[in-house]
Amino acid sequence: MRLILLGAPGAGKGTQAQYICEQFKIPQISTGDMLRAAIKDGTELGLKVKEIMNSGGLVSDQIIIDLVKERISQPDCENGFLFDGFPRTIPQADAMKEGGVKIDHVLEIAVPDEEIVNRLAGRRVHPASGRVYHVDHNPPKEPGKDDVTGEQLIQREDDQESTVRNRLSVYHDQTAPLVDYYQQWADKDAEAAPQYHRIEGVGSVADITRQVKEALG
Ligand code: AP5
Ligand code: ZN
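Residues numbered from 1 in each chain as written. Chains lettered and ligands numbered in written order. Predicted model: local features only at pLDDT ≥ 70, side-chain atom pairs only at ≥ 80, totals over all residues. Heavy atoms only, no water.

J.: I'd love a proper account of the site of ligand 1, names of residues and values included.
T.: Ligand 1 sits among 36 residues. The nearest are Thr15, Gly57, Arg123, Tyr133 and Arg167. A distance of 3.0 Å separates an oxygen atom of ligand 1 from a polar atom in the side chain of Arg156. Contact with the protein chains covers 97% of the free accessible surface of ligand 1, which is 1,000 Å². Secondary structure elements with two or more residues in the shell around ligand 1: helix H1 (13-24), helix H2 (31-41), helix H6 (113-121), strand S6 (131-134) and helix H9 (205-216). Examining the composition of the shell around ligand 1, we find that four residues originate from one element, H2, more than from any other. Its residues assigned to classes, the shell around ligand 1 shows 14 nonpolar, 14 polar and eight charged. (Near = heavy atom within 4 Å. Polar contact = N/O pair within 3.5 Å; in protein donor to acceptor, adjacent residues only side chain to side chain. Areas by Shrake-Rupley, 256 points an atom, 1.4 Å probe, with all protein chains shown as cover. Helix = DSSP H or I, 4+ residues; strand = E, 2+ residues; numbered from the N terminus. Nonpolar A, V, L, I, M, F, W, Y, C, P; charged D, E, K, R; others polar.)

Okay, here's the thing in structure tokens:
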């Protein structure tokens, strides 16, 4: 099973990815997590992307496409994978199409902007695993601690309100056009195109998971 999770910053892609990847036993490929790991490790890639990520802009298509192509050539991707936060621009989607990477489903998680600002203000993450929590809507068992390792949770640098607003505007400009891109492709060539599902992303985490389950059968 090969899936794309499409949605604004804070829509709940990472949250639902945890469920889907466990269910289908496929790896989560989060380009955001990969870039944050590179920054933390101080690699050449990390140094290149740090500033742009902290400002809420997008990293160049070529860097991302190379990173993803390398990642999906790994043996653990043989039975499928879930893209979280990729593709994020039309050239990224075209690179997959032209490279013959067949995707089974695109799941769009739709959440209005007002809700997003609140979600990201309360988000806490466990950087080593990518597990995400929310102080009110999805709290860890022990405040400030990861459920599995007990390690300290942190706030992401790009979750400050002004940066979130910039990320939302970048989303509407550069990523939202992928909604039409995949819908039109599915209308034109249902055989080759991924199946498109729109999920209403406001509701409890469990409600959204239920809709995801229904969409994937
Ligand atoms: P990335 O890490 O992909 O960030 P993002 O797309 O902005 O998405 P988020 O991780 O912020 O949100 P999410 O949808 O995963 O939500 P989550 O489940 O955590 O990218 C970061 C940066 O990397 C980009 O800005 C860019 O610079 C760069 N980058 C990455 N990929 C790139 C690419 N392909 N091309 C170019 N640049 C790229 O949930 C959010 C919060 O809400 C959590 O606290 C959660 O607990 C809570 N929550 C979840 N579901 C619910 C619910 N139903 N109700 C209430 N709260 C909920
Ligand atoms: Zn995420």
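J.: I'd like a rundown of H9, residues and numbers included.
T.: An ideal rise of 1.5 Å per residue puts 16 Å on twelve residues; H9 measures up with 17 Å between its terminal C-alpha atoms. Of all the positions in H9, only Ile208, Thr209, Val212, Ala215 and Leu216 are classed as buried. One side of H9 carries all its buried residues, which in axial view fall inside an arc of 120°. The inward-facing, buried residues of H9 abut strand S1 (2-7), H1, strand S4 (105-110) and strand S7 (195-200). (Expected span 1.5 Å × (residues − 1). Buried < 20%, exposed > 50% of the residue type's maximum accessible area, 1.4 Å probe, protein only. Arc of directions from axis to C-beta. Contact = heavy atoms within 4.5 Å.)

J.: Quick rundown of the pairing of S1? Include the residues and the values.
T.: Counting buried residues in S1 gives five out of six residues, a clear majority hidden from the surface. Looking at chain direction, S1 and S4 are connected through five bridges and run parallel. Bridge pairing in S4 links Leu6 to Glu108. (Pairing = 2+ DSSP bridges.)

J.: An account of the packing of H2 against helix H4 (residues 61-72) is needed here, citing residue identities and associated values.
T.: Across the interface, H2 lies against H4 with an axial gap of 11 Å and an inter-helix angle of 100°. One finds that H2 runs roughly perpendicular with respect to H4. Touching Thr31, Met34 and Leu35 of H2 are Ile64, Leu67, Val68 and Arg71, all from H4. Among the residues making up the contact of H2 with H4, the classes are represented as five nonpolar, one polar and one charged. (Axes fitted to C-alpha atoms, helices over the stretch in contact; angles between N-to-C directions. Parallel < 35°, antiparallel > 145°, perpendicular 65-115°, else oblique.)

J.: How would you explain the packing of aromatic side chains if you had to name every residue and give the values?
T.: By the definition in use, this model includes five aromatic pairs. Taking 4.7 Å as the distance between ring centres and 40° as the angle between the ring planes, the aromatic pair formed by Phe81 and Phe83 counts as tilted. Ring pairs connect the aromatic residues Phe81, Phe83 and Phe86, which therefore count as one cluster. (Phe/Tyr/Trp six-rings, centres within 6.5 Å; stacked < 30°, edge-to-face > 60°.)

J.: Can you lay out the UniProt feature "domain: Adenylate kinase active site lid" (unreviewed entry) in the protein chain for me, pointing to particular residues and giving the numbers?
T.: When the UniProt feature table is mapped onto this chain numbering, "domain: Adenylate kinase active site lid" (unreviewed entry) sits at residues 123-158. Counted over residues 123-158, helix gives 0% and strand 22%. Its end C-alpha atoms are 11 Å apart. (UniProt positions renumbered as here; feature names shortened; annotations may be inferred.)

J.: I'd like a description of the packing of helix H7 (residues 161-175) against helix H8 (residues 177-188), backed by residues and values.
T.: For the pair H7 and H8, interaxial distance at closest approach is 5 Å and the crossing angle is 30°. It follows from the interaxial angle that H7 and H8 lie roughly parallel. Listed contacts from H8 to His172, Asp173, Gln174 and Thr175 of H7 are Pro177, Leu178 and Val179. Across the contact of H7 with H8, the residue classes tally to three nonpolar, three polar and one charged.

J.: Quick rundown of the sheet that holds S4? Include the residues and the values.
T.: Through backbone hydrogen bonds, the strands of a sheet pair up, either in parallel or in antiparallel fashion. The sheet built from five strands is open, its strands ordered S2-S3-S1-S4-S7 with parallel pairing. Two strands lie at the open edges of the sheet, namely strand S2 (28-30) and S7, each paired on one side alone. Ignoring strand direction, the axes of neighbouring strands in this sheet form an average angle of 20°.

J.: Run through the pattern of salt bridges, naming residues and quoting values.
T.: Per the counting criterion, the structure on display carries twelve salt bridges. Between Glu108 and Arg198 there is a salt bridge, with its nearest N and O atoms 3.5 Å apart. Residue Glu108 is found in strand S4, and its partner Arg198 is found in strand S7; the two are separated by 90 residues along the sequence. As a salt-bridge pair, Arg210 and Asp207 come within 2.9 Å of each other at their nearest N and O atoms. Note that Arg210 and Asp207 are positioned in helix H9 at a spacing of three residues, about one turn of the helix. For Arg210, a relative accessible area of 48% corresponds to the partly exposed category. (Salt bridge = Lys/Arg side-chain N within 4 Å of Asp/Glu carboxyl O.)

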